[in-house]
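# Structure assessment
One-letter residues, chain by chain:
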2 protein chains.
Amino acid sequence: MRAEKKLQTRQSLLDAALALMETGRGFSGISLREITREVGIVPTAFYRHFPDMESLGLALVEEVSSSFREAIRLVRSNQFEHLGAISASVQIFVDYVVAHRQLFLFLAREQYGGASVVRQAIEDMQQRFITDLVADLKLMPKQRHLRDDDLEILADLIVKTVFSSLPELINPAELKGAPLQLAQDRLESKLRFIFMGAKYWRGIRWAASSSDGATASE
Amino acid sequence: MRAEKKLQTRQSLLDAALALMETGRGFSGISLREITREVGIVPTAFYRHFPDMESLGLALVEEVSSSFREAIRLVRSNQFEHLGAISASVQIFVDYVVAHRQLFLFLAREQYGGASVVRQAIEDMQQRFITDLVADLKLMPKQRHLRDDDLEILADLIVKTVFSSLPELINPAELKGAPLQLAQDRLESKLRFIFMGAKYWRGIRWAASSSDGATASE
DNA sequence: ATGTTTAGTGAACAGATGTTGACTGAAATG
DNA sequence: CATTTCAGTCAACATCTGTTCACTAAACAT
């Protein structure tokens, strides 16, 4: 009961940090004292759980990382059943995101704006997702015509598109009736664009990388 | 010579804010006093130019906005010449971004992470770009098979893809020889995926928006 | 030449922040 | 039961912050 209570307040600290981010500020704009105030403990008790704010941020990254993995797991388990794979996948994913709003709000806010260590951790997480997605895509017969490096870029595009859609999936700053469904449809369409592009991708190498003008059209 | 000098130090304040962001912190992590210290004036002189930090941030958004417009103008003036439109456009754009690194660093950092007012201003700017791009795409004969709302989503996808590529185009945190050229190639390939998807886009309406399972395949 | 405007100065304030060290009291251990 | 462990308390600190007010002096207008 000693360590159990400790983990409990530790979680309270993490939750308080997430809750305070709903005021509109970034993670770096939240103070140690604010968090402890929210939890109801004295500022110095913070150090019983984290050496500093930075490592609390890293703990949040880990939390959102495993949460994201869970969402992916849910999507994947249904992906091979339905025919409308994209639609079903997006539906599952969006449901999961709104059910864990605060966590993904943190992710959306800090993916580029956070302190360098937290940002780096998020980038690493993103890269792992991309790598995993590449492995998944390799198993799909529809993507067999794509080269490995093209697959990597495709996966990167998909992941970044999903990440960049997080703000509109989360923000309560909408007045009309069904802005969530609209954002969800938009994400679905975007992925449809991308996968359509992948389907008709021609492995044409457009010569060297740099500035020779004569490339394949389009 | 009185107002000229004033504009000069005002610009110094803006530049100092950008310069301080290269320390890794977000805009909200920079203090008023730090900026004045960097410029070499006393803290209270700040108020001769901005009522508070927030409006300095908004001034930065305006600056990056007009800078971005200039980049787009450059891209557009060459777009109708070459055949390798994507490659040339990306080349021009990337050149412009690295030439104005600090401004676009600010944009990349604050697009989601910034204080609510600044973030909102950036979102508005993004939306104007999307609207403009829709108008542009409408003029291109290759995109005539796309419905208006599909064009909107396509433009959204393109703009967000470019925005999400900004960090890798800017960050000096690379050790190898040519990471910039690599990032540039990646952006080019992503846009190629997207435009390929647009080319083969079929205007099929997949029924209503919400949760009916029977959708078009893929 | 005289008076006004104003960018920048300088001192000082109230408040918030991170971090310190010594403490308390209850749970865990033996 | 005696002892150790340790999550949380309490008071205090040095530091940094944004903002105030009265001021100086140089550029401007008259």
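Residues numbered from 1 in each chain as written. Chains lettered and ligands numbered in written order. Predicted model: local features only at pLDDT ≥ 70, side-chain atom pairs only at ≥ 80, totals over all residues. Heavy atoms only, no water.

### Brief notes about the packing of helix H1 (residues 2-20) of chain A against helix H2 (residues 32-39) of chain A
Residue and element names in this part refer to chain A. Two numbers describe how H1 lies on H2: the axes approach to 9 Å, and their chain directions differ by 110°. Put simply, H1 runs roughly perpendicular to H2. Judged by the twist between their axes, the crossing of H1 over H2 is right-handed. Every residue of H2 that contacts H1 at Ser-12, Leu-13, Ala-16, Ala-17, Ala-19 and Leu-20 is listed here: Glu-34, Ile-35, Glu-38 and Val-39. In the contact of H1 with H2, the residues fall into seven nonpolar, one polar and two charged. (Axes fitted to C-alpha atoms, helices over the stretch in contact; angles between N-to-C directions. Helix = DSSP H or I, 4+ residues; strand = E, 2+ residues; numbered from the N terminus. Parallel < 35°, antiparallel > 145°, perpendicular 65-115°, else oblique. Left-handed = near helix turned anticlockwise from the far one by under 90°. Contact = heavy atoms within 4.5 Å. Nonpolar A, V, L, I, M, F, W, Y, C, P; charged D, E, K, R; others polar.)

### What to know about the interface of chain B and chain A
Between chain B and chain A, the residue contacts involve 51 residues of the former and 53 residues of the latter. Taken together, both faces of the contact between chain B and chain A bury some 5,000 Å²; the carbon and sulfur share is 58%. For Arg-186 of chain A, the salt bridge is made with Asp-156 of chain B, and the minimal N-O distance between the two is 2.4 Å. Our enumeration of links across chain B and chain A arrives at four residue pairs in polar contact (both at pLDDT 80 or more). Ranked by residues supplied to the side of chain B that touches chain A, first place goes to helix H8 (residues 179-199) of chain B with 13 residues. (Buried area = accessible area lost by both parts, 1.4 Å probe. Salt bridge = Lys/Arg side-chain N within 4 Å of Asp/Glu carboxyl O. Polar contact = N/O pair within 3.5 Å; in protein donor to acceptor, adjacent residues only side chain to side chain.)

### A closer look at the UniProt feature "DNA-binding region" (unreviewed entry) in chain A
Taking the UniProt record as the reference, the feature "DNA-binding region" (unreviewed entry) is found at residues 31-50 of chain A. The annotated region residues 31-50 of chain A carries 40% helix and 0% strand content, and the separation between its end C-alpha atoms amounts to 14 Å. (UniProt positions renumbered as here; feature names shortened; annotations may be inferred.)

### Considering the packing of aromatic side chains
Throughout the structure, instances matching the rule amount to 19 aromatic pairs over all chains. Measuring from ring centre to ring centre gives 5.3 Å for Phe-68 of chain A and Phe-163 of chain A, while their planes differ by 15°; the resulting arrangement is stacked. With Phe-68 of chain A in helix H3 (residues 53-79) and Phe-163 of chain A in helix H7 (residues 148-170), this pair connects stretches of sequence that are 95 residues apart. The class of Phe-68 of chain A is buried, set by a relative accessible area of 4%. Exposure remark for Phe-163 of chain A: the relative accessible area of 1% places this residue in the buried category. With a centroid separation of 5.8 Å and 40° between ring planes, the pair formed by Phe-46 of chain B and Phe-50 of chain B is classed as tilted. Phe-50 of chain B carries the same exposure label as Phe-46 of chain B, and that label is buried. Put simply, the rings of Phe-68, Phe-93, Tyr-96, Phe-104, Phe-129 and Phe-163 of chain A touch in pairs and so form one group of aromatic residues. (Phe/Tyr/Trp six-rings, centres within 6.5 Å; stacked < 30°, edge-to-face > 60°. Buried < 20%, exposed > 50% of the residue type's maximum accessible area, 1.4 Å probe, protein only.)

### What to know about the protein's contact with DNA strand C
Near DNA strand C you find 17 residues, and of these Arg-33, Arg-37 and Thr-44 of chain A together with Arg-48 and His-49 of chain B are the closest. For DNA strand C, the backbone makes up 50% of the atoms found within 4 Å of the protein, where backbone means sugar plus phosphate. The side chain of Thr-44 of chain B places a nitrogen or oxygen atom 3.0 Å from a base oxygen of DNA strand C. A distance of 2.6 Å is found between a phosphate oxygen of DNA strand C and a side-chain nitrogen or oxygen belonging to His-49 of chain B. Counting residues per element, the ones that place at least two in the surface near DNA strand C are H2 of chain A together with helix H1 (2-20) of chain B. Partitioning the surface near DNA strand C into residue classes produces six nonpolar, five polar and six charged. (Near = heavy atom within 4 Å.)

### Looking at the protein's contact with DNA strand D
Looking at DNA strand D, there are 17 residues lining it, with Arg-48 and His-49 of chain A together with Met-1, Arg-33 and Thr-44 of chain B nearest. Across the atoms of DNA strand D situated within 4 Å of the protein, the share located in sugar and phosphate is 47%. Contacts to DNA strand D include Thr-9 of chain A, whose side-chain N or O atom sits 3.4 Å from a phosphate oxygen. A distance of 2.8 Å is found between a phosphate oxygen of DNA strand D and a backbone nitrogen or oxygen belonging to Leu-32 of chain B. Broken down by secondary-structure element, the contributors of at least two residues to the surface near DNA strand D are H1 of chain A together with helix H2 (32-39) of chain B. Per element, the largest residue contribution to the surface near DNA strand D is three residues, and it comes from H2 of chain B. For the surface near DNA strand D, the per-class residue count stands at six nonpolar, five polar and six charged.

### Focus on the pattern of salt bridges
Tallied over the entire structure, the rule returns 28 salt bridges over all chains. Across the salt bridge formed by Lys-138 of chain A and Asp-148 of chain A, the nearest N and O atoms sit 3.2 Å from each other. Of this pair, Lys-138 of chain A sits in helix H6 (residues 116-139) while Asp-148 of chain A sits in helix H7, placing them 10 residues apart in sequence. Residue classification places Lys-138 of chain A among the partly exposed residues on the basis of a relative accessible area of 44%. Taken together, the shared-partner salt bridges in this structure form one network comprising Asp-156 and Lys-160 of chain A together with Glu-168, Arg-186 and Lys-190 of chain B.

### With respect to the UniProt feature "domain: HTH tetR-type" (unreviewed entry) in chain A
Using the residue numbers shown here, the UniProt feature "domain: HTH tetR-type" (unreviewed entry) corresponds to residues 7-68 of chain A. Secondary structure across residues 7-68 of chain A divides into 61% helix and 0% strand, with the first and last C-alpha atoms of the span separated by 22 Å.

### Description of helix H8 (residues 179-199) of chain A
Compared with an ideal rise of 1.5 Å per residue, which puts 21 residues at 30 Å, H8 of chain A spans 30 Å between its outermost C-alpha atoms and is within 8% of the ideal. Along H8 of chain A, 15 of the 21 residues are buried, which leaves the element largely enclosed by surrounding structure. (Expected span 1.5 Å × (residues − 1).)

### What to know about the nonpolar core
Within the largest apolar cluster, 129 residues are counted, with the highest numbers of intra-cluster contacts made by Leu-56 of chain A together with Leu-56 of chain B. Setting aside residues no more than four positions away along its own chain, Leu-56 of chain A makes contact with Leu-14, Ala-17, Phe-27, Ile-35, Phe-46 and Phe-50 of chain A. (Core = buried A, V, L, I, M, F, W, Y, C linked by side-chain atoms within 4.5 Å.)

### Here we look at the domain arrangement of chain A
All names here are of chain A. Domain annotation for chain A reports domain 1 (1-50) and domain 2 (54-204). Computed over C-alpha atoms only, the centres of domain 1 and domain 2 are separated by 28 Å. Across the contact, 15 residues belong to domain 1 and 13 residues belong to domain 2. In this assembly, domain 1 packs against domain 2 so that about 1,300 Å² is buried in total across both faces, 66% of it on carbon and sulfur atoms. (Domains from an automatic or database assignment.)

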